Amino acid sequence: MAKPATTVTIIAERLLQAKIFKLLDETGASGYTVVEGSGKGHNLIRTHERPSIVRDFDIVRIEFVMSDGEHAREIAQQIADTYFKDYSGIITISPVEVLRPELF
Amino acid sequence: MAKPATTVTIIAERLLQAKIFKLLDETGASGYTVVEGSGKGHNLIRTHERPSIVRDFDIVRIEFVMSDGEHAREIAQQIADTYFKDYSGIITISPVEVLRPELF
Amino acid sequence: MAKPATTVTIIAERLLQAKIFKLLDETGASGYTVVEGSGKGHNLIRTHERPSIVRDFDIVRIEFVMSDGEHAREIAQQIADTYFKDYSGIITISPVEVLRPELF
């Protein structure tokens, strides 16, 4: 039986990978999937000598699915607040249906 | 023209890859995309000596898109019923729009 | 704060990668994520000697997120019109929420 759930997709610089995994473990997102790739985006480290520029990144695409949409959003917000003020990254939240409650 | 369609995303242990491809071919999902990655989740093989533990997996992320949402759901359910009773994995179903009817 | 946005997912033969990146840069999708994988789909090059056949492809999965859904759709349509008449590929458009306006 398919049940409503929430997928959170985190795209982050690869250097943040270990920290994000740690935070996911602590917040209770005990299952997630990771794929490596590359990305292009805005460099957020700006100074008067170094303005925002578009550059290439090594990225990880981390996904997790939760039945509890509110909990999923809290975790997503915590990751954004903790890491994405200083680093490039994007988090999307998608409504899905899930065939099994077990998380990967 | 964008048309409504259904994306099915299967995240499975990599050792199941060949079997899932075979089942997809048989059920008529003749186009799909595969990306390799890693994952963390619950080990489903439990005994009184070996309880469920969270561990790391080599995973494949398999996606297919179908205009026929009912058919897509049937295939997803068949994969869950056939393989995910004994192995970790998760299947999500997402509403999308698709720009071309041809499947990859 | 989560805001409504649109995710465009392009699955294309890998040989088209550089051309698609160039078109994305020109159309203003300045941030995107790329993951490499494989796929199975219909070969679109048909002649009376060579009918459509299902074969394996090296693929790229390119994703971008835009707050401006109309702009996202225009870019998606332009890629489909430019490249997917002669090559296999599929583009899906998904409603999401995004936690940060910055694009990767």
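Here's what I pulled together on the structure shown here.

Reading the values: rules and limits
In this convention, every chain numbers its residues from 1, walking through the sequence in written order. Following the order in which they are written, the chains are lettered starting with A and the ligands numbered starting with 1. Per-residue local features are limited, in this predicted model, to residues with pLDDT of at least 70; the limit for side-chain atom pairs, both in listing and counting, is 80 or more; totals at the level of whole chains, interfaces and linings are taken over all residues. Remark: hydrogens and water are excluded; side-chain values derive from all non-hydrogen atoms of the structure. Only one rule defines a salt bridge in this text: a Lys or Arg side-chain nitrogen within 4 Å of an Asp or Glu carboxyl oxygen. By the criteria applied, helices consist of DSSP H or I runs no shorter than four residues and strands consist of E runs no shorter than two, each listed in order from the N terminus. Per-residue accessibility, obtained with a 1.4 Å probe over protein chains only, is compared with the maximum for each type, and a residue is labelled buried under 20%, exposed over 50%, and partly exposed between these values. A pair of strands is labelled paired if DSSP reports no fewer than 2 bridges between them. As defined here, a cavity is a set of points on a 1 Å grid over the protein atoms alone where a 1.4 Å probe fits but cannot get out. A pocket is an open set with protein on both sides within 12 Å along at least five of seven lines, and residues line them when an atom is within 4 Å of a point. Grid points are joined across faces, edges and corners, and a volume is the space filled by probe spheres set on the points. Just so you know the grouping, Ala, Val, Leu, Ile, Met, Phe, Trp, Tyr, Cys and Pro go in nonpolar, Asp, Glu, Lys and Arg go in charged, and all remaining residues, Gly too, go in polar. Note on contacts: a residue pair is in contact if any heavy atoms of the two residues lie within 4.5 Å. Buried area adds together the accessible area that both of two parts lose upon being put together, with accessible area traced by a 1.4 Å probe. Under this definition, polar contacts are N or O atom pairs within 3.5 Å; protein pairs additionally need one hydrogen-donor-capable and one acceptor-capable atom, and for neighbouring residues in sequence, both atoms have to be side-chain atoms. A least-squares fit on C-alpha atoms brings the copies together, and the residues used are those whose pLDDT is at least 70 in both copies. Classification of ring pairs uses Phe, Tyr and Trp, with its six-membered ring standing for Trp, and accepts pairs whose centres are within 6.5 Å; under 30 degrees between planes counts as stacked, over 60 as edge-to-face, and the remaining range as tilted.

Scanning the entire structure with this criterion turns up 19 salt bridges over all chains. Across the pair arginine 73 of chain C and glutamate 97 of chain B runs a salt bridge whose closest N-O atoms are separated by 2.4 Å. Of this pair, arginine 73 of chain C sits in helix α2 (residues 69–83) while glutamate 97 of chain B sits in strand β4 (residues 89–98), placing the two residues on different chains. A residue is classified by how much of its surface remains accessible, and arginine 73 of chain C, at 29% relative accessible area, is partly exposed. For glutamate 97 of chain B, a relative accessible area of 24% corresponds to the partly exposed category. Salt bridges sharing partners connect three or more residues here, namely Arg61 and Glu63 of chain A, Arg61 and Glu63 of chain B together with Arg61 and Glu63 of chain C.

What follows covers the pairing of strand β1 (residues 3–13) of chain B. Residues and elements named next belong to chain B. Buried residues dominate β1, accounting for nine of its 11 residues. Two elements, β1 and β4, share 10 bridges in a ladder whose sense is antiparallel. Pairing of lysine 3 across the sheet is with valine 98, part of β4.

Let us now look at the layout of surface pockets. Space inside the largest pocket adds up to approximately 190 Å³. Around the largest pocket sit 15 residues that line it, and Gln17, Val34 and Glu36 of chain B together with Gly37 and Ser38 of chain C are the ones nearest its centre. The element contributing the most residues to the lining of the largest pocket is strand β2 (residues 32–42) of chain C, with six residues. Within the lining of the largest pocket, the residues separate by chemical class into six nonpolar, four polar and five charged.

Attention shifts here to the interface of chain C and chain A. Taken together, the contacts link 22 residues of chain C with 31 residues of chain A. Taken together, both faces of the contact between chain C and chain A bury some 2,100 Å²; the carbon and sulfur share is 57%. The tally of links from chain C across to chain A stands at seven residue pairs in polar contact (both at pLDDT 80 or more). When contributions to the side of chain C that touches chain A are tallied by element, the ones reaching two or more residues are β2, β3 (54–66) and β4 (89–98) of chain C. Tallied by class, residues from the side of chain C that touches chain A come to 12 nonpolar, four polar and six charged. Of the strand pairs in this sheet, strand β4 (residues 89–98) of chain A and β4 of chain C are connected by two bridges, and their pairing is antiparallel. The partner of threonine 92 of chain A across the bridge, within β4 of chain C, is valine 98 of chain C.

This part takes up the relation of the copies chain C and chain A. Each copy of the sequence occupies a distinct position, and chain C is placed on chain A by a rotation of 120 degrees and an axial shift of 0.0 Å, giving an RMSD of 0.0 Å. Both chain copies can therefore be described as sitting about a three-fold axis. Taking the C-alpha atom as reference, chain C places valine 35 of chain C closest to the rotation axis, 4.4 Å from it. Of all interface residues in chain C, a mere 14% are interface residues in chain A too; the two copies therefore contact each other through different surfaces.

Okay, empty space enclosed by the protein next. Taken as a whole and judged by the stated rule, the model has three cavities of 30 Å³ or more. Each pocket or cavity is described by its volume, and for the largest cavity that value is around 550 Å³. As for the largest cavity, its lining consists of 45 residues, and the residues nearest its centre are Thr9, Arg61, Glu63 and Ser94 of chain B together with Arg61 of chain C. Across the lining of the largest cavity, the residue classes break down as 23 nonpolar, 16 polar and six charged.

Before going further, it helps to spend a moment on the side chain of threonine 6 of chain C. With respect to the element layout, threonine 6 of chain C can be found in strand β1 (residues 3–13). Among all residues touching threonine 6 of chain C, those that are not within four sequence positions of it are Phe64, Val65, Met66, Gly69, Ala72, Ile93, Ser94 and Val96 of chain C.

Here we come to the relation of the copies chain B and chain A. Between chain B and chain A, the superposition needs a rotation of 120 degrees and an axial shift of 0.0 Å, giving an RMSD of 0.0 Å. Each copy contacts the other with its own distinct surface, as only 10% of the interface residues of chain B are interface residues in chain A too.

Residues and elements named next belong to chain A. Within the structure shown, the criterion is met by three aromatic pairs over all chains. Measuring from centroid to centroid gives 5.1 Å for phenylalanine 21 and tyrosine 32, while their planes differ by 25 degrees, and the two rings are stacked. Remark: tyrosine 32 occurs in strand β2 (residues 32–42) and phenylalanine 21 occurs in helix α1 (residues 17–27); sequence separation between them is 11 residues. The exposure class assigned to phenylalanine 21 is buried, which follows from its relative accessible area of 18%. According to the relative accessible area criterion, tyrosine 32 is buried, its value standing at 4%.

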